[in-house]
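Structure assessment
What follows is the residue order along each chain.
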Amino acid sequence: MKVLIAGIDGYLGWPLAQYLVARGHEVAGIDGLFRRQWVSEVGGVSAIPVATMHERLTAFEERYGSPLHFRQGTLLDYDFVKTCFREFQPDAIVHLAEIPSAPFSMIDQQHTVLTQQNNVVGNLNILWAIQEVCPDTHLIKLGTMGEYGTPNVDIPEGFFEVEYRGRKDRLPFPRQAGSFYHLSKVHDSHNTMFACKIWGLRATDIMQGVVFGTYIDEMGDDRRMRTRLDFDQCFGTAINRFCCQAVTGHPLTLYGQGSQKRSFLPLRDSMQCLALAIENPAEIGEYRVFNQFDTCYSIDELAQQVQLAAGELSMDVQIERYDNPRQEAESHYYNPDRQKLVDLGYRPTHDVMLEIRIMLSDLRDYRDRIAAHLNAVVPDIRWDGTRRQSQILRTTIPPVVSSTKETP
Ligand code: USQ
């Protein structure tokens, strides 16, 4: 199939291009290269050095023998979007080109507006361009499990049957997002569902959990094929941050009680699931929702797993509770469904512990680079709109004792 990846320079986009080409698909990509700027604006850096786009494209051509079609530009430029679609005539468009950070969206008024404008308008331009240029193209839109929030009932895949005052209907499941970023994805979902209804477009809205991991097999040992791995307070996500902290000896930064639960999946599973969605397209006029994750964990369970895996590699890692800069439920029910991708063939590849071990071994090589940017690790962006660095709470969590230390 011909697959256009919007956001090909990002954490997911670059490995996805490799994963799809290795499976025989023809891939093109568009990107404004903005992620590099946003990370640097908040004082971050990718733990794993990222090649320039030029180097990446050269490496791709060397590996696969034909060039990757790439156009640099922004989705906010509607003519650019239409031209790309017209040139490539994709069977599928994977839309990953959004600002992905909750804390970034909560910094101040400008960052809220930037996030929602970039995400909502970019997605609207994609919807309109599909409708005008290639109406049969399947849109695979990256949403987030965070759209649902943490309701006190099970979370279905997008829709649920409801009975109210004696009448029944199948309705979108309520969205209760916890940041202006997560809300931008809610707005995207509504706009995408509406476009499918009025124009007969086909779309898969992926409610993805938190992705972690540094590597997929298709990268081989070419450093230019590696993807970025952020660990700052905005663009780093829970397990990735914990592993980067662990290799430098920085205490793991658990926010609040750490009992808040989220759904997670390794990078390689994210690739597998996105490929399944691409290869099994929605019907014309269909708007479908997939919950995309492997397992649910509380954040303190994950911190303890990172601590345990680090102990096996002879790294002494502490876990510290910081006062939570976010406003989020810390003790709550959490039970999302995850069946549609399994029905299409999704098989989780690794258990979380194995993937964490791989990450720690990998990230040890970049210890000095990470240590030089640890200023971006302790959060100071607060949900009440102020800036104040989180303080360590009095309770610290004793290290987990590992019996299987690595032999020197
Ligand atoms: N957390 C910590 N310590 C940290 C970082 C995070 O305790 O150092 C906690 C947070 O308080 C939160 C949980 O871990 O309860 C998850 O935070 P996160 O930063 O890993 O993830 P989140 O802000 O939810 O966003 C990330 C991605 C986003 C994606 C989302 C999927 O940045 O693009 O949409 O994960 S989900 O979480 O399912 O909404």
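For the structure given in this document, a descriptive report is provided here. Just so we're clear, the structure is a prediction, and the values are computed from it rather than from any experiment.

**Regarding the environment of Ile356**
Along the chain, Ile356 falls in helix α12 (residues 352-364). Here Ile356 falls in the buried class, since its relative accessible area comes to 0%. Measuring from C-alpha to C-alpha, the distance between Ile356 and Asn324 comes to 24 Å, with 32 residues separating the pair along the chain. Excluding residues that lie within four positions of it along the chain, Ile356 makes contacts with Ile239, Cys243, Gln305, Val306 and Ala309.

**Re the nonpolar core**
Ranked by size, the top nonpolar core spans 79 residues in total, and within it Ile5, Ile8, Ile239, Leu360, Leu363 and Ile370 carry the most contacts. Looking at this core element by element, the count peaks at eight residues for helix α9 (residues 267-279). When residues no more than four places from it in sequence are discounted, the contact partners of Ile239 are Phe212, Phe264, Leu302, Val306, Val352, Ile356 and Met359. In this structure, Ile93, Val133, Ala203 and Phe293 belong to the second largest nonpolar core, which totals 32 residues.

**Brief notes about the pattern of salt bridges**
Per the stated rule, a full pass over the model turns up 23 salt bridges. Arg224 is the partner of Asp222 in a salt bridge, and the nearest nitrogen-oxygen pair spans 2.9 Å. With a relative accessible area of 17%, Asp222 lands in the buried category. When the shortest N-O distance is used, the salt bridge between Arg382 and Asp323 registers 2.5 Å. A residue pair is termed long-range when its members are at least 10 positions apart, and Arg382 in the loop between α13 (367-371) and β15 (392-397) and Asp323 in the loop between β14 (319-322) and α11 (340-344) qualify at 59 residues. When its relative accessible area of 15% is taken as the criterion, Asp323 is described as buried. Sharing partners across several salt bridges, the network here consists of Glu98, Lys141, Lys185 and Asp188.

**Points about the pairing of strand β5 (residues 138-144)**
Across the seven residues that make up β5, a large majority, seven, are buried. What you see with β5 is no split at all: His138, Ile140, Leu142 and Thr144 on one side and Leu139, Lys141 and Gly143 on the other are buried throughout. Alignment of strand β4 (residues 92-95) against β5, held across four bridges, turns out to be parallel. Bridged to Val94 within β5 is Ile140. Here seven bridges tie β5 to strand β8 (residues 202-208), and the two strands are oriented parallel to one another.

**Some thoughts on the side chain of Asn123**
Looking at where Asn123 falls in the secondary structure, it is placed in helix α6 (residues 109-133). Separated by 3.1 Å, the side chains of Asn123 and Thr192 make a polar contact. In this view, Asn123 contacts His95, Glu98, Leu139, Lys141, Asp188 and Thr192; residues no more than four positions away in its chain are not counted.

**Things to note about helix α2 (residues 34-41)**
Arg35, Trp38 and Val39 are the residues of α2 that are buried. All buried residues of α2 fall inside an arc of 95° around its axis, so they share one side. Count one or two residues on from α2 and you reach Gly43, which has phi positive near 85°.

**A word on the sheet that holds strand β9 (residues 210-212)**
The strand order β9-β11-β13 describes an open sheet built from three strands, whose pairing is mixed. Of all strands in the sheet, those with a lone pairing partner are β9 and β13 (295-298), marking the two edges. Mean inter-strand twist for the sheet, computed between neighbouring axes without regard to direction, equals 45°. Where β9 and strand β11 (residues 261-266) come together, three bridges link them in parallel fashion. Residue Phe212 lies in a different strand from β11, and its bridge partner there is Pro266. Lying on the sheet, helix α10 (residues 299-312) is in contact with β11 and β13; it crosses β13 at an angle near 90°.

**Here we look at the site of the ligand**
By nearness alone, 22 residues border the ligand, and Pro100, Thr144, Tyr181, Thr253 and Glu328 come closest of all. Within the side chain of His182, one N or O atom sits 3.2 Å away from an oxygen atom of the ligand. In isolation the ligand has 720 Å² of accessible area, and contact with the protein removes 94% of it. Along the lines of polarity and charge, the residues of the shell around the ligand split into 10 nonpolar, eight polar and four charged.

Conventions we followed
Residues numbered from 1 in each chain as written. Predicted model: local features only at pLDDT ≥ 70, side-chain atom pairs only at ≥ 80, totals over all residues. Heavy atoms only, no water. Helix = DSSP H or I, 4+ residues; strand = E, 2+ residues; numbered from the N terminus. Buried < 20%, exposed > 50% of the residue type's maximum accessible area, 1.4 Å probe, protein only. Contact = heavy atoms within 4.5 Å. Core = buried A, V, L, I, M, F, W, Y, C linked by side-chain atoms within 4.5 Å. Salt bridge = Lys/Arg side-chain N within 4 Å of Asp/Glu carboxyl O. Pairing = 2+ DSSP bridges. Polar contact = N/O pair within 3.5 Å; in protein donor to acceptor, adjacent residues only side chain to side chain. Arc of directions from axis to C-beta. Axes fitted to C-alpha atoms, helices over the stretch in contact; angles between N-to-C directions. Near = heavy atom within 4 Å. Areas by Shrake-Rupley, 256 points an atom, 1.4 Å probe, with all protein chains shown as cover. Nonpolar A, V, L, I, M, F, W, Y, C, P; charged D, E, K, R; others polar.

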